[in-house]
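Report on the structure
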Amino acid sequence: MKNIVILISGSGSNMAAMVRHAQQEQWSKRLQTRVSAVISNKAEAQGLDFARAQGIATVVLDHKAFDSREAFDAALMDEIDRFEPTLVLLAGFMRVLTAGFVTHYAGRLLNIHPSLLPSFAGLNTHQRAIDAGCRFAGATVHQVTSELDHGAILAQAVVPVLPDDTADTLAARVLTQEHRIYPEAVAAWLRSQG
Ligand code: GAR
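Counting restarts for each chain, with residues numbered from 1 along the sequence as it is written. Predicted model: local features are reported for residues with pLDDT of at least 70 only, side-chain atom pairs are reported and counted for 80 or more only, and whole-chain, interface and lining totals are derived from all residues. Computation of side-chain values covers all heavy atoms of the structure but excludes hydrogens and water.

**As for the site of the ligand**
By convention in these notes, a residue is near a molecule or strand provided one of its non-hydrogen atoms lies within 4 Å of it. In the vicinity of the ligand, the contacting residues are S11, G12, S13, N14, G92, M94, I112, H113, P114, L175 and E178. Polar contacts, as counted here, are pairs of nitrogen or oxygen atoms within 3.5 Å of one another; within protein the pair requires one atom able to donate a hydrogen and one able to accept it, and residues that are adjacent in sequence qualify only if both atoms are side-chain atoms. Separating an oxygen atom of the ligand from a backbone N or O atom of G12 is a distance of 2.8 Å. At a separation of 2.9 Å, an oxygen atom of the ligand approaches a polar backbone atom of N14. The helix and strand labels rest on DSSP assignments: H or I over at least four residues marks a helix, E over at least two residues marks a strand, and numbering proceeds from the N terminus. Among the elements of the structure, α1 (13–24), β5 (109–113) and α7 (167–193) are those that each provide at least two residues to the shell around the ligand.

**As for the nonpolar core**
Buried Ala, Val, Leu, Ile, Met, Phe, Trp, Tyr and Cys residues that are joined via side-chain atoms within 4.5 Å together make up what is termed a nonpolar core. Burial here depends on accessible area, computed with a 1.4 Å probe over protein chains only, as a share of the maximum for the residue type. Under 20% is buried, over 50% is exposed, and the range in between is partly exposed. Counting residues in each nonpolar core, the largest one holds 38 residues, and the members touching the most others are I6, W27, L89, Y182 and V186. The element that contributes the greatest number of residues to this core is α7, accounting for nine residues. Residues A37, F72, M77 and L109 belong to the second largest nonpolar core, which totals 21 residues.

**Details of the pairing of strand β6 (residues 136–143)**
Among the eight residues in β6, seven count as buried, and that is most of the element. Strand pairing is assigned whenever DSSP detects at least two bridges linking the two strands. Alignment of β5 against β6, held across four bridges, turns out to be antiparallel. Note that in β6 the partner of L110 across the bridge is Q143. Pairing of β6 with strand β7 (residues 153–160), which is carried by seven bridges, proceeds in the antiparallel orientation. The residue bridging F136 from the neighbouring strand is P160, located in β7.

Everything listed here is a matter of geometry and, on its own, says nothing about what the molecule does.
Okay, structure coming up:
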């Protein structure tokens, strides 16, 4: 069985969509893959409750307990590697990762970002897209490299930006598409590995 570890910091809706998709599409039987663990850098991340209710192992590793980014990432790698993951998924994990971490998981570390990369890397993507007058916005699934929000693109979804959109209404429209493309991109990645 191949293991997926998902990293979250908040509501975890992308993680929940992945778990539900894996159940519906019978990943354990068809792809010999399961979501083995959900790890959060925040104890209050709501997604942890969903994972626990699903019987998935959860780990909380508070980054504030570490002196440096390197020390936190080293401890995070230890926690992740206990599950011997084929794939590590960032799903609303709001931490910048060290080069050492990214190198350790090179080729098996994916992220979902709420913009049409390479536009709007970083934070506040929806307000920035509205402010720029974009007619379209979207989300991107990509390989993680040491350059923030770069790396090969695996999937994208496009949504319209409507005249009366706020960052929140646009974010909700994009999030619906994130829940669709991230599980599909992961399934395609798993199939490509044979
Ligand atoms: C999602 O929109 C995700 O794309 C974004 O945070 C949200 C997390 O929602 N990620 C980033 O901004 C990464 N820089 P979720 O916790 O409900 O999945």
